[in-house]
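Listed below are the residues making up each chain.
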Amino acid sequence: MPEIKFYSGDDIPLELHKVRIVQKLDLVPVERRAEAMMEAGFNTFLLKNKDIFLDMLTDSGVNAMSDRQLAAMMVADDSYAGSATFTRLTDKLKEIFDTDYFLPAHQGRAAENIIAMTFVKEGSIIPMNYHFTTTKAHITRLGGSVEELVIDEGIRLTSTHPFKGNFDLDKLEALFEKSGDKIPFVRIETGTNLIGGQPVSLENMEAVADIVHRHGKLVVMDASLLQDNLYFIKTREEKAKDLTLREITRRISKKMDIIYFSARKLGFARGGGIAIHDKELYLKMRELVPMFEGFLTYGGMSVREMEAMAVGLDETMDMDVVSQGPLFIKYMTDELLKLGVPVVTPAGGLGCHLDASGFLPHVRQEEYPAGALAAAVYIAGGIRGMERGTISEQREVDGSEHLASVELLRLALPRRVFTLSQVKYAVDRIKWLYDHRDLVGGLRFVEEPSSLRFFFGRLEPVSNWPDKLVEAFRKDFKDSL
Ligand SMILES: *Cc1c(COP(=O)(O)O)cnc(C)c1O
């Protein structure tokens, strides 16, 4: 989206695409929404799609595909070995990242598994700007630990810092001084997911890579959210403003040893993989692909998805394509800010993030404010978001609760999926809920899995607050849905 100004002066993101396939949505009544939430154990992951109006759970594997992607899927080469589709994808990655080697994996976490199994041992320390749920689970499973080195500003919810995902370079140096021998690699997460899709600057990535290489260790980039990060580098970083997205990508890639990604986000498709410059590194990881994923030329993916990914990666180099997400998210964030609703600023990629601690200050962290807000937003509007707070953390080894540094409700805006009026509806219902926030109470676990509990855990409200919320909704909205 180039900056197209409105005569009215209104700041409206204008779509540079048209919709040609649609999916009908239902909005069920508020009473049914409360019932569905109960059936789902107050965990939005367990809701059924038929009860959901706007699915803002994630941007993973649910981005709209382009006509070019759909067309490419029809010419996929479905052979077990030596597939021409694999060659096309590898060539595209070479064109974009200048990497010679590619290991396919069925999705991002599978790439994480391969990298962790190759490099993480009992006692390893993996520094990163911030963890991601599946990344951390793979590292800790193998006896390693994660050190988060994001700048202090990164976990400050309201900020004007343009690159809240940046590493604190002093902390990185200090960690190398103290425990350098335990560090096999440093992981840079672009578009830092759990702190609100916040970007890392080009300058910071280059500085991190220089430090790590000076200590003789590897730099691994999680590029799952690279497309948003590229947009922010291009629009927020002085030294990149005259570079094309392709040039920025090449600059970044040159400094990385290993680049892995979830193609459910990067490339607007499904699947994932690991792009590598160096042959030795490639060979070190290679045998794990046929063991866990599939043969080397598909790695557990369908060849159709691989064709879509190759085209999607190409489209990621187009500012008109990658700007849609961040601009819609900025619109939603700005509208909520105007209404006084606590949101994470500046607006990042991947979604609009509500600050659940600010929204529900009366709900203690032990009663999961972000989880409670996720349930309340669903009841208020049929909108499904994702808890990104204490429920998404793992308990300590001694069983005590690990309180998250931030309690967020993420409302993802999958790319090119929602219209502006749907975003306006979401803003409207969230404002209504904010005006009735005193009615919302906390949650407690009734079934708690020991790992990745946010996926399957079941909870219940600590009081009958959902009934009160439904009652207030009926009073204000009469017989409207
Ligand atoms: C989604 C994501 C992953 C995991 O990818 P999947 O395809 O869901 O397995 C890893 N890292 C980041 C930053 C992500 O956003």
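Refer to the structure printed above.
On a predicted model such as this, the values are computed, not experimentally measured, just so you know.

**Student:** What should I look at first to understand the overall build of the protein chain in this one?
**Tutor:** Along the protein chain, the regular secondary structure elements total 19 helices and 14 strands. Taken over C-alpha atoms, the radius of gyration comes to 22 Å for the protein chain, in line with the 23 Å a tight globule of 481 residues would show. For the protein chain, the spread of C-alpha atoms along the principal axes amounts to about 65 × 55 × 45 Å. Out of the 481 residues in the protein chain, the part that is buried amounts to 59%. Surface exposure of the protein chain reaches about 19600 Å², of which carbon and sulfur atoms provide 52%.

**Student:** Before we go on, may I ask you to explain unusual backbone geometry in this structure?
**Tutor:** The bulk of non-glycine residues show a negative phi, and the bulk of peptide bonds are trans. Cis geometry marks the peptide bond from T345 to P346, where omega comes out at -10°. Residue position: P346 is located in the loop between α14 (324–338) and β9 (351–355). One non-glycine residue, Y368, lies in positive phi territory at about 55°. Its place among the elements puts Y368 in the loop between α15 (356–359) and α16 (369–381). On the accessibility criterion, Y368 (3% relative accessible area) is buried.

**Student:** I tried to follow the layout of surface pockets on my own but got confused; where do I start?
**Tutor:** Gaps left between atoms show up when a probe the size of a water molecule is rolled over them. Of the pockets and cavities examined, the largest pocket occupies roughly 1500 Å³. For the largest pocket, the lining is made up of 42 residues, of which I21, A64, M65, R416 and V417 are closest to its centre. Of all elements in the fold, only β1 (54–55), α2 (67–73), α12 (303–315) and α13 (319–322) reach the threshold of two or more residues within the lining of the largest pocket. Here the element with the most residues in the lining of the largest pocket is α2; it accounts for three residues.

**Student:** Explain the environment of P466 here, please?
**Tutor:** Here P466 shows up in helix α19 (residues 465–477). Residue P466 is classed as buried on the basis of its relative accessible area, which comes to 4%. Note: C-alpha distance between P466 and G340 (126 residues apart in sequence) is 23 Å. The residues touching P466, leaving out its near neighbours within four places in the chain, are F42, I379 and P461.

**Student:** Mind showing me how you'd approach the site of the ligand here?
**Tutor:** Around the ligand, a shell composed of 13 residues is seen, among which Q107, R109, D222, S262 and K265 lie nearest. Within the backbone of G108, one N or O atom sits 2.9 Å away from an oxygen atom of the ligand. Within the side chain of S262, an N or O atom sits 2.6 Å from an oxygen atom of the ligand. Per element, the largest residue contribution to the shell around the ligand is three residues, and it comes from helix α4 (residues 108–119).

**Student:** How should the side chain of D51 be read in this particular structure?
**Tutor:** You can see D51 is positioned in the loop between α1 (30–39) and β1. Discounting chain neighbours no more than four positions away, the residues touching D51 are V28, R32, A36 and Y378.

**Student:** Please clarify how the sheet that holds β9 should be interpreted in this entry.
**Tutor:** Two orientations exist for strands paired in a sheet by backbone hydrogen bonds: parallel and antiparallel. Taken together, three strands build an open sheet; the order of strands is β9-β12-β11 and the sheet is antiparallel. Looking at strand neighbours, the two that pair on one side only are β9 and β11 (386–388), the edges of this open sheet. Sheet twist, expressed as the mean angle between neighbouring strand axes with direction ignored, is 30°. Bridge count for β9 against strand β12 (residues 408–412) is five bridges, and the pairing is antiparallel.

**Student:** What exactly am I supposed to notice about the nonpolar core here?
**Tutor:** Buried together is how nonpolar side chains tend to be arranged in soluble globular proteins. Among the nonpolar cores identified, the biggest contains 64 residues, and M332, L354 and L433 are the most heavily contacted of them. The leading source of residues in this core is α16, at 10 residues. In this structure L433 touches F359, L373, A376, V377, A380, V440 and L469, once residues within four positions along its chain are discounted. Judged by nonpolar contacts, the second largest core, of 54 residues, contains L202, M221, M256 and A269.

**Student:** What am I meant to see in the pairing of strand β8 (residues 272–276) here?
**Tutor:** For a regular strand, side chains alternate in direction, first toward one face of the sheet and then toward the other. Of all five residues that make up β8, five are buried, and the element is covered over most of its length. Because side chains alternate across β8, one face comprises the buried residues G272, I274 and I276, and the other comprises G273 and A275, equally buried. Here strand β2 (residues 101–105) runs beside β8; their pairing, made up of five bridges, is antiparallel. In the sheet register, P104 faces β8, and the bridge partner there is G273. Of the strand pairs in this sheet, strand β7 (residues 258–262) and β8 are connected by five bridges, and their pairing is antiparallel. Paired with I259 across the bridge in β8 is A275.

**Student:** Hey, could you run me through the packing of α1 against α19 in this one?
**Tutor:** Between two packed helices, both the angle of their axes relative to each other and the distance between the axes serve to describe the pair. Two numbers describe how α1 lies on α19: the axes approach to 10 Å, and their chain directions differ by 165°. One element, α1, and the other, α19, form an angle in the roughly antiparallel class. The interaxial crossing formed by α1 with α19 has right-handed handedness. Between α1 and α19, the contacting residues are V30, E31, R33 and A34 on the first element and V470, F473 and R474 on the second. Residue classes in the contact of α1 with α19 are distributed as four nonpolar, no polar and three charged.

**Student:** Is there a simple way to think about the pattern of salt bridges in this case?
**Tutor:** Between side chains of opposite charge, a pair can form when the charged atoms approach closely. Following the criterion strictly, the structure yields 40 salt bridges and no others. One salt bridge in this structure joins R32 and E39, with 3.1 Å as the shortest N-O distance. You can call R32 buried: its relative accessible area is 19%. Exposure remark for E39: the relative accessible area of 48% places this residue in the partly exposed category. Residue R187 is joined to D222 by a salt bridge in which the shortest nitrogen-to-oxygen separation is 2.8 Å. A residue pair is termed long-range when its members are at least 10 positions apart, and R187 in strand β5 (residues 185–189) and D222 in strand β6 (residues 218–222) qualify at 35 residues. Residue R187 shares its accessibility class with D222, and that shared class is buried. Look at the salt bridges and you will find they share partners, linking R68, K92, E95, R246, D314 and E315 into a network.

**Student:** Which parts of the structure should I look at to understand the packing of aromatic side chains?
**Tutor:** For any pair of aromatic rings, the description consists of the separation of the ring centres together with the inter-plane angle of the planes. Counted under the stated rule, the structure contains 18 aromatic pairs. Centre to centre, the rings of F102 and F261 are 6.3 Å apart; their planes meet at 15°, and the pair counts as stacked. Remark: F261 occurs in strand β7 and F102 occurs in strand β2; sequence separation between them is 159 residues. Take F102 and F261: they sit in the same class, and that class is buried. Over the face of the ring belonging to F473 we find R33, whose NZ or CZ atom lies 5.2 Å from the ring centre. Geometry around F268 places R416 over its ring, the cationic atom sitting 5.2 Å from the centre.

Each value, and the rule that gives it
Residues numbered from 1 in each chain as written. Predicted model: local features only at pLDDT ≥ 70, side-chain atom pairs only at ≥ 80, totals over all residues. Heavy atoms only, no water. Helix = DSSP H or I, 4+ residues; strand = E, 2+ residues; numbered from the N terminus. Rg over C-alpha atoms; globule rule 2.2 N^0.38 Å. Buried < 20%, exposed > 50% of the residue type's maximum accessible area, 1.4 Å probe, protein only. Areas by Shrake-Rupley, 256 points an atom, 1.4 Å probe, with all protein chains shown as cover. 1 Å grid on protein atoms, 1.4 Å probe; cavity = no way out; pocket = protein on both sides within 12 Å on 5 of 7 lines; lining within 4 Å. Points joined across faces, edges and corners; volume = space filled by probe spheres on them. Contact = heavy atoms within 4.5 Å. Near = heavy atom within 4 Å. Polar contact = N/O pair within 3.5 Å; in protein donor to acceptor, adjacent residues only side chain to side chain. Pairing = 2+ DSSP bridges. Axes fitted to C-alpha atoms, helices over the stretch in contact; angles between N-to-C directions. Core = buried A, V, L, I, M, F, W, Y, C linked by side-chain atoms within 4.5 Å. Parallel < 35°, antiparallel > 145°, perpendicular 65-115°, else oblique. Left-handed = near helix turned anticlockwise from the far one by under 90°. Nonpolar A, V, L, I, M, F, W, Y, C, P; charged D, E, K, R; others polar. Salt bridge = Lys/Arg side-chain N within 4 Å of Asp/Glu carboxyl O. Phe/Tyr/Trp six-rings, centres within 6.5 Å; stacked < 30°, edge-to-face > 60°. Lys NZ or Arg CZ within 6 Å of the ring centre and 35° of its normal.

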